Amino acid sequence: MKTKFKKIISSMLVIAMLLAVLSGCANNASNEVSDNSNNSNSNSTEPKIGGEITVAFQSAPDNFDPDHASSDWVVTAVTNHVYEGLFEFNANNEAIPQLAESYTIIDDGKTYNIVLRKGVKFQDGDEMKAEDIKSSLARWFKVNPAGVSIADSLIDIEIVNDYEILVKFDKVYAPFINILASPVSRQKMLVKKKEIVDKFGEDIITEHIGTGPFIFDEIVMGQKVVLKKNENYIPTKGDISGLAGERTVYLDKVTIEFVPEESVRVAGLKSGQFDFVDEISTDRYSELDSFPNISPTACNFGTIGIVAFNNGSEPFNNKLLRQAVAYAINPTEMAIAQIGDERFWSVEDGSWFKKGTIWYDETAGEGIYNNQDLDKARQLVKESGYNNEPIVILGVKADLFASNGALVLQNQLKEIGLNVEVELYDRSTYFDYQQSGKWNIVISRWSDMNPDPQVFEPWTGTDGWITRWDDEDSRRMDKIFDRMVTELDYEKRYEIVKEFYDEFWESVPYIKVFNDKRLYGINNRLQGYQGYGQPYFWNVWIDEEVQE
């Protein structure tokens, strides 16, 4: 299973993380910025039933099949309204039952016994049963890149009765429930009706019957989708937290228009054409904040700025030189150049999981992360044996995030005696050079909506997708992930995750630089919005009487 995981899920996960960030981000680093994780636009009025809203997303997807390899951030954001998972993530990054009622792990950790909620209905009124789950899972293992990555370890999906299934593996795979629930594109297992799975098989699904709170009423590819209230919806119980908990449908209709130009989205928000717009650049925060009845709101998840090394060739196959770069970097300077206003980014710690989530470690990176020490960096350069070889930072001309970061990093590395060149190309040439290894450093950004620490294995272990890392240190890291993947006890697994953090910041195969977040614009008449990484419009309502 491990080899297939590293070859398939590596490209899938990294691309998913990269695509998740093409949408732009911002961060609430001060109390001056509204953050929907604090429910800034929620519960100021009593919920009202009825009405409709129009929202604007930046990009239009090619299809709405959430399992398909071409699925992206927008597909996930839209289909979350129509489909639900057996498990969903709460705000603490814990996967909890949604369409499932419960689960147990048996057979020494090799079998998952999943019990379903009774009485859940599909949007056509038929009850969801185990045969639908088996069909959905079987397709997930064949089509969805996350499922494909572990399919070689699957033995069987067995129906026990109408409301119970067994998923059997030939070895322990501890992250299974987390990957089933993953909020990241190309990962979550969303439940579909058996007859739809039978009809489309592995082809792109164009007819959608799920259990979610909304139904596809109209799809105009490239332009818009219209979602209408699912009158047969049977929500789970429990407080709303993240994507988990009770989803209440107040709105009759949600129209999602795909509007690539930011200026058009902003103009539509100001005119009242749109009630919600995504992907607002941080330099427009003050403009929207001063506009009547509009609240610019920071999403509670965003991205991580990354400096990645080509560890498979000189000079960065030398750990000492990678450590030198870590001590040379000034994350604040890079964040200002790449994001801008200090309210929209943070450089708090070296943890790959956010504060408040179950895998967070406040000590991660202690002593090296955000600890610029030029004298120490110069000493490490000397010890590494570096001999003034040219170092290429590769980037895309049109990507200001990466190109601005590359120029700042170039200056920082020159201060410690490195001979650094920045080479910017069109996107296709960039990917050709990156794939062929004609680079030493790339500036990237990854989503911080990570479902499980195991997702870091493909690019942090041996022969990783972006790092090409292969030495004694990478093999030591492999052993940490091997232990992590088979440890089912979360407390014990957390201790292994902390080992991963320690080993990572000792070997620095790549570097976390800063965190940032997405910025939305919301009309104040839209009440109850909380969100979790991606926009969703259950548990929200319209109140025309709300003023600024």
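Summarised in this report is the structure supplied together with it. (Residues numbered from 1 in each chain as written. Predicted model: local features only at pLDDT ≥ 70, side-chain atom pairs only at ≥ 80, totals over all residues. Heavy atoms only, no water.)

## Considering unusual backbone geometry
Consideration 1: The step from glutamate 314 to proline 315 runs through a cis peptide bond, and the omega angle for that step is 5°.
Consideration 2: Position of proline 315 relative to the elements: it lies in the loop between strand S13 (294–309) and helix H9 (319–328).
Consideration 3: With a phi angle near 55°, glutamate 279 is a residue other than glycine that sits in the positive phi range.
Consideration 4: Of note in the backbone geometry, valine 508 takes a positive phi value of approximately 35° without being a glycine.
Consideration 5: Inspection of the secondary structure puts valine 508 in the loop between helix H16 (490–507) and strand S18 (510–523).
Consideration 6: Residue classification places valine 508 among the buried positions, given a relative accessible area of 0%. (Helix = DSSP H or I, 4+ residues; strand = E, 2+ residues; numbered from the N terminus. Buried < 20%, exposed > 50% of the residue type's maximum accessible area, 1.4 Å probe, protein only.)

## Some words on the pattern of salt bridges
Working definition: two side chains of opposite charge can pair if their charged atoms are close together.
Consideration 1: Tallied over the entire structure, the rule returns 33 salt bridges.
Consideration 2: In this structure, lysine 193 and glutamate 195 form a salt bridge, with 3.5 Å as the shortest nitrogen-oxygen distance.
Consideration 3: With a closest N to O distance of 2.6 Å, aspartate 275 and arginine 525 form a salt bridge. Linking aspartate 275 in the loop between helix H7 (262–271) and strand S12 (276–277) with arginine 525 in the loop between S18 and strand S19 (526–527), this pair joins segments that are 250 residues apart in sequence.
Consideration 4: Residue class for aspartate 275 comes out buried when judged on its relative accessible area of 2%.
Consideration 5: For arginine 525, a relative accessible area of 17% corresponds to the buried category.
Consideration 6: A single network of salt bridges, built from pairs that share partners, joins Lys319, Asp473, Arg476, Glu503 and Glu506. (Salt bridge = Lys/Arg side-chain N within 4 Å of Asp/Glu carboxyl O.)

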